[in-house]
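# Analysis of the macromolecular model
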Amino acid sequence: MSESVQSGVRPGNGVRSGDDVHEHHGGFPVFTPVQAGPNYGEFVESLRRLQDLAVSTHLPDDVVDDAIARVNALSDMLEPHRVSEGKSPAGFNRQLPGRGSLLLLPWLFEKVEVDGIRSRGVFRLFHRGGNSAAHGGTIGLLFDDMLGMIVYASGHPIARTAYLHVNYRQVTPLETELVLEGRVDRVEGRKLFCTAELRDLDGTVLADCEALMIELLPGQP
Ligand SMILES: CCCCCCCCCC(=O)SCCNC(=O)CCNC(=O)[C@H](O)C(C)(C)COP(=O)(O)OP(=O)(O)OC[C@H]1O[C@@H](n2cnc3c(N)ncnc32)[C@H](O)[C@@H]1OP(=O)(O)O
C-alpha cells in the first residue's frame with residue numbers, strides 16, 4: 001500500500017497538514033506524488049490483459065517467437081524512461097485500479113476513513129491458483145496492501161506488517177466482483193492490531209485476516 005500513503009492526500013477529502021502525524025515516516029523517504037497522465041490507466045490495464053493472456057493461451061512456437069520480438073521491442077521503447085523509486089506514477093494514483101501499479105490487485109477504494117477502509121475489485125486470470133480459484137498468495141498480497149491503507153486512514157504513522165494471519169474460508173473466484181473491508185481493532189503502543197474480511201457480493205466471507213502492524217521508529221527502513 002505504501003505508495004498511496006506517500007501521495008500526500010488525506011483519507012476522505014482533505015489534504016494533510018505539515019504537522020500531521022503522517023509526517024512520521026520512520027526511515028521512509030518522503031516522495032512527491034507523481035500524477036498519472038490521462039492514458040496511464042489504459043497502459044497498465046493493457047499490461048494486465050497481456051498477463052491474463054500469457055497464462056491462459058497455448059501458443060504455437062512461431063507466435064511465441066513473434067511475441068518475444070514484440071514484447072522486447074516494447075521494453076526497448078520503455079527502457080530509456082526508467083526512474084528510481086518514487087518517481088513513477090505506478091502506485092501513487094488512487095483513482096486508478098491498484099493505484100496504477102501492475103503488482104497490486106486492480107482494486108478501487110470506496111471508503112478510506114479513520115474507522116476503516118472498503119475496497120472493491122476482481123482477481124484476474126493471472127491471479128489463478130488452481131481450479132479457477134485465486135492463488136492464496138495473491139489474497140495475502142491484497143490484504144497486506146490494504147493494511148497499509150488501513151493504518152494510514154486511521155491516522156497512525158507509517159507501520160510495517162510484523163505478521164499477517166490469513167484464514168481461507170471459501171474458494172475465492174476469479175473475474176468476480178468482491179469487497180474487502182478492514183480496520184484497526186486495537187492499539188498497544190506502536191502495535192496496531194488490524195482485521196479485514198474479503199467477501200463476495202452476497203456477503204459470504206471468502207477470507208479474513210488478523211495482522212500486527214508496528215509503527216516505524218525514526219530511521220527504520
Ligand atoms: C511513506 C511510506 C509508506 C510505507 C508504508 C509501509 C507499509 C508497508 C507494509 C509492509 O511493510 S509489508 C512488508 C513486510 N513486512 C516487513 O518487511 C517488516 C519486516 N520487519 C521489520 O521491519 C521489523 O520486524 C518491525 C519494524 C515490524 C518491528 O521491528 P522493531 O524492532 O521496531 O520492533 P520490536 O521487535 O522491538 O517489536 C515491537 C513489539 O512488537 C512485537 N512484535 C514484533 N514482531 C512481532 C511478531 N511477528 N509477532 C508478535 N509480536 C511481534 C514485539 O514483541 C514488541 O512487543 P512489546 O512492545 O509488547 O514488547
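Per an unreviewed UniProt entry, the protein chain goes by Acyl-coenzyme A thioesterase THEM4 and derives from Rhodococcus parequi.

Strand order in the open sheet formed by 6 strands is 1-2-4-5-6-3, with antiparallel pairing between adjacent strands. Pairing within the sheet leaves two strands with one partner each, and these edge strands are strand 1 (108–113) and strand 3 (159–168). In this sheet, neighbouring strand axes are inclined to one another by 15 degrees on average, regardless of whether the strands run parallel or antiparallel. When strand 2 (residues 116–121) meets strand 4 (residues 178–188), the two strands line up antiparallel, connected through 5 bridges.

Together, F43, L74, M77 and L78 line one region of the surface with nonpolar side chains, adding up to about 330 Å² of accessible area. Relative to the helices and strands, M77 resides in helix 3 (residues 61–78).

Quick look at the pattern of salt bridges now. Pairs can form between side chains of opposite charge once their charged atoms are near each other. Inspection of the entire model under this criterion finds 16 salt bridges. With its nearest N and O atoms 3.6 Å apart, the salt bridge here joins E181 to R199. You can see E181 sitting in strand 4 and its partner R199 sitting in strand 5 (residues 191–200), a full 18 residues away along the chain. Take R199: its relative accessible area is 26%, and that puts it in the partly exposed class. Each of E110, R118, R120, E177, E181, R183, E197 and R199 takes part in one network of salt bridges that share partners.

A word on the packing of aromatic side chains. In total, this model carries 3 aromatic pairs according to the counting rule given. Where Y40 meets F43, the ring centres are 5.7 Å apart and the plane angle is 50 degrees; that geometry is what we call tilted. Here the residue Y40 and the residue F43 both occupy positions in helix 2 (residues 40–54), the gap between them amounting to 3 residues, near one helical turn. By relative accessible area, Y40 is classed as buried at 16%. Note on F43: relative accessible area 30%, which makes it partly exposed. Between W107 and F123, the aromatic rings sit 6.0 Å apart at their centres with planes inclined by 75 degrees, giving edge-to-face as the arrangement. Taken as a pair, W107 in the loop between helix 3 and strand 1 and F123 in the loop between strand 2 and helix 4 (136–154) lie far apart in primary sequence, 16 residues in all.

Let us look at the state of the cysteines. Evaluation of the coordinates by the stated rule reveals 0 disulfides. Just so you know, C209 is unpaired, no disulfide at all, and the nearest cysteine sulfur is the one on C194, 8.1 Å from it.

In terms of backbone geometry, most residues other than glycine have negative phi values and most peptide bonds are trans. Positive phi, close to 55 degrees, is recorded for R99, a residue that is not glycine. The residue R99 is located in the loop between helix 3 and strand 1 in this model. Here S132, not a glycine, exhibits a phi torsion of approximately 65 degrees, which is positive. Among the secondary structure elements, S132 is positioned in the loop between strand 2 and helix 4. For S132, a relative accessible area of 47% translates into the label partly exposed.

Sequence positions flagged by UniProt for "domain: Thioesterase" (unreviewed entry) are, in local numbering, residues 134–206. With 26% helix and 45% strand, residues 134–206 has its two end C-alpha atoms placed 11 Å apart.

Thresholds, definitions, all that
- Residues numbered from 1 in each chain as written.
- Predicted model: local features only at pLDDT ≥ 70, side-chain atom pairs only at ≥ 80, totals over all residues.
- Heavy atoms only, no water.
- Pairing = 2+ DSSP bridges.
- Helix = DSSP H or I, 4+ residues; strand = E, 2+ residues; numbered from the N terminus.
- Axes fitted to C-alpha atoms, helices over the stretch in contact; angles between N-to-C directions.
- Patch = residues over 30% accessible without salt bridge, like charges linked within 9 Å, V, L, I, M, F, W, Y side chains within 5 Å.
- Areas by Shrake-Rupley, 256 points an atom, 1.4 Å probe, with all protein chains shown as cover.
- Salt bridge = Lys/Arg side-chain N within 4 Å of Asp/Glu carboxyl O.
- Buried < 20%, exposed > 50% of the residue type's maximum accessible area, 1.4 Å probe, protein only.
- Phe/Tyr/Trp six-rings, centres within 6.5 Å; stacked < 30°, edge-to-face > 60°.
- Disulfide = S-S within 2.5 Å.
- UniProt positions renumbered as here; feature names shortened; annotations may be inferred.

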